[in-house]
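Each chain, letter by letter, is given below.
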Amino acid sequence: MTGPADAAPAGARASIIVPVHNAEAYIDQCLDCLAAQTEGAIEVVVVDDGSTDATGRIVRARALTDPRIRHLRQDNRGVSAARNAGIGAARGRCLMFVDADDALAAGWWDAVRPHLEGGEDIVCFLAGAERERYTPDELVRATIGGPGAPPLAWPAPPWAKLYRADLLAARGARFAPDIMYGEDALFNLGLYASGARCRFVAASVYRYRLRPGSTTRSYDERFVESNERYLRALEKILIDCGRYPRPVVTELVDASFVRSVTLAAVRIAGLPRRGDRRAAIALTRRNAAFARRLARVRRAPGAGRLERFVYALTRRAGPGPATALLRPALRLRPQRRGDGWAVI
């Protein structure tokens, strides 16, 4: 890891961690919104994850004119490793995470500042939040999804959340570098399940950019193996927290499995070439761990229509009419062709 570690404000009240990889088209806009407020007691920790485009040059130039911006560089190891490096380098009492292709809303600092010195472990900013408090079990179920989950938006990502740095240090909270999808959910689930004090604030501070090629809207053939690691890590969190008997742990892990498989199926359905869709489905259903989990969920008492639909879809050798019906069956909007924004 390289970077001007001594250039940051020593008394930073908040550290904004920005992992970035080849985001030359977006990083300036991201930094613009972070630097727009005049508060000196923040730092922006930009962790360059081995970018090969102009990202590094852009960030270094910004750091020369704004001492609140720090540019740290590491070899390409993925977004989780970059976020972890940012946690390790941060000096603020509180931490926030912003992805390089996203932005914070105008006036975000006015919403965040009053909560820097409070007694909360995590402050979640969510437009239209109806309650200030949720129980640990409600937060866990909302993050995992499935039956019994309260209607709470965006509990899994680290965006639009203010974390106490000493909480993360005490819990050893880090993102899992070997998990492609759901690493952010595991990060928060470990905190929720352990009883972290969370407060929800009805304020919109985050703008999530919707891009067809982003990691949350595309399919990677390594998904199946990564998802199995995610499910095992989830099971360990639920067992270690001591809140749930074994049958409930199994129920929650199965619910998370169905949700993740459904998301993967949606991404497969969005692949433009029929041959790619056929290959992705075949690859998925050949995985032994995946097949065992899917068969158990399919046979489990109370398996619903959605679980049976996903099971039937993934048992097919090719996409066929089931894939064509996937989006309407799941009541999803068509995938956007260009960039857009989700307001959080």
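The structure this text deals with has already been given above.
The model shown is predicted, which means the values in this text are computed figures rather than measured ones.

**Things to note about the environment of I42**
If you trace the backbone, I42 turns up in strand β2 (residues 42–49). Here I42 falls in the buried class, since its relative accessible area comes to 0%. In the structure, I42 is positioned 53 residues away from L95 in sequence and 9.8 Å away in space, judged by C-alpha atoms.

**Notes on the nonpolar core**
Core analysis: the largest hydrophobic core is formed by 93 residues, its most contacted members being V18 and L34. Per-element accounting of this core gives the leading share, nine residues, to helix α9 (residues 246–269). Leaving out residues up to four positions away in the same chain, L34 has contacts with I16, V18, I42, V44, V98, L104 and W108. Judged by nonpolar contacts, the second largest core, of six residues, contains V45, V47, A82 and A89.

**Looking at the pairing of strand β10 (residues 340–343)**
Taking every second residue as pointing to the same face, the buried face of β10 carries G340 and A342, while none of W341 and V343 on the other face is buried. Note: strand β9 (residues 206–210) against β10, four bridges, orientation antiparallel. If you follow R207 over to β10, its bridge partner there is V343.

**As for the pattern of salt bridges**
Tallied over the full model, the rule gives 24 salt bridges. The salt bridge partner of R131 is E138, with a shortest N-O separation of 2.9 Å. Of the residues examined, R131 reaches a relative accessible area of 37% and is grouped as partly exposed. The partner of R199 in a salt bridge is E132, and the shortest N-O contact between them spans 3.3 Å. Of this pair, R199 sits in strand β8 (residues 198–201) while E132 sits in the loop between β6 (122–125) and α5 (136–144), and the two are 67 residues apart along the sequence. E132 gets classed as partly exposed once you look at its relative accessible area, which sits at 41%.

Analysis parameters
- Residues numbered from 1 in each chain as written.
- Predicted model: local features only at pLDDT ≥ 70, side-chain atom pairs only at ≥ 80, totals over all residues.
- Heavy atoms only, no water.
- Helix = DSSP H or I, 4+ residues; strand = E, 2+ residues; numbered from the N terminus.
- Buried < 20%, exposed > 50% of the residue type's maximum accessible area, 1.4 Å probe, protein only.
- Core = buried A, V, L, I, M, F, W, Y, C linked by side-chain atoms within 4.5 Å.
- Contact = heavy atoms within 4.5 Å.
- Pairing = 2+ DSSP bridges.
- Salt bridge = Lys/Arg side-chain N within 4 Å of Asp/Glu carboxyl O.

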